[in-house]
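Examination of the molecular architecture
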Amino acid sequence: MRAVAEIQTTHLFDMAIDLNPPLDIGKGPFGHRILFGAAGGSFDGPKLRGEVLPGGGDWALFRPDRAMTLDVRLTLRTHDDALIQVTYGGRWVIPPELRDDLADPVKSRQIDPARYYFRTAPLFETGSEQYAWLNDIVCVGSGYLIEGGVAYQVSQVI
């Protein structure tokens, strides 16, 4: 084996996504599918900031073991009007002892996100010359619940 540099990250942005009421697509051949549609939101970081546009969402799949597989598509609009597509998969694994509290709208926001595993792997696509560098990076995100939606801390793998 060759020695390679340890993976390091740097903060890219924080993102908050407002969600529409979920659409229960139902149990299918791969698990229970629910659409958590994006109603809007915002993102802010040292190199870019702007809004999350309505219309995207997470076509979440709940596996038989109750872990959630994310399948997210969003469109971001930067403060200077560039459009960026972001797609990401991920996992949200909730320990059994937290499931009832996370289903409660009040208690769920009080749970320390360190108590569950909610990770994503965002990728970006844009035609904007100013933000073309996003087309060539890999990111990781850590998610948590907020009032009316979900939020992420997104870091660029350097």
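Under an unreviewed UniProt entry, the name given to the protein chain is UPF0311 protein KV110_36565, and the organism recorded is Nocardia iowensis. You can read under Sequence similarities (unreviewed entry) in the UniProt record for the protein chain the words "Belongs to the UPF0311 family."

1. Quick word on the environment of R115
Mapped onto the elements of the fold, R115 is located in the loop between α1 (99-103) and β8 (117-120). Separated by 69 residues in sequence, R115 and P46 have C-alpha atoms that sit 28 Å apart.

2. Considering the nonpolar core
Membership of the largest hydrophobic core comes to 34 residues, with the highest contact counts inside it found for M15 and F124. For this core, the secondary structure elements donating two or more residues are β1 (9-19), β3 (31-44), β6 (68-78), β7 (83-93), β10 (139-146) and β11 (149-157). With residues up to four places along the chain from it excluded, the contact list for M15 reads S42, F43, V52, L74, L76, Y88, V150, A151 and Y152.

3. Section: the side chain of T120
Note on placement: T120 falls in strand β8. Its relative accessible area of 6% is what places T120 among the buried residues. Non-local contacts of T120, meaning those with residues more than four positions away in its chain, are made with L70, Y88, G89, G90, C139, V140, G141 and Y152.

Conventions and cut-offs
- Residues numbered from 1 in each chain as written.
- Predicted model: local features only at pLDDT ≥ 70, side-chain atom pairs only at ≥ 80, totals over all residues.
- Heavy atoms only, no water.
- UniProt positions renumbered as here; feature names shortened; annotations may be inferred.
- Helix = DSSP H or I, 4+ residues; strand = E, 2+ residues; numbered from the N terminus.
- Core = buried A, V, L, I, M, F, W, Y, C linked by side-chain atoms within 4.5 Å.
- Buried < 20%, exposed > 50% of the residue type's maximum accessible area, 1.4 Å probe, protein only.
- Contact = heavy atoms within 4.5 Å.

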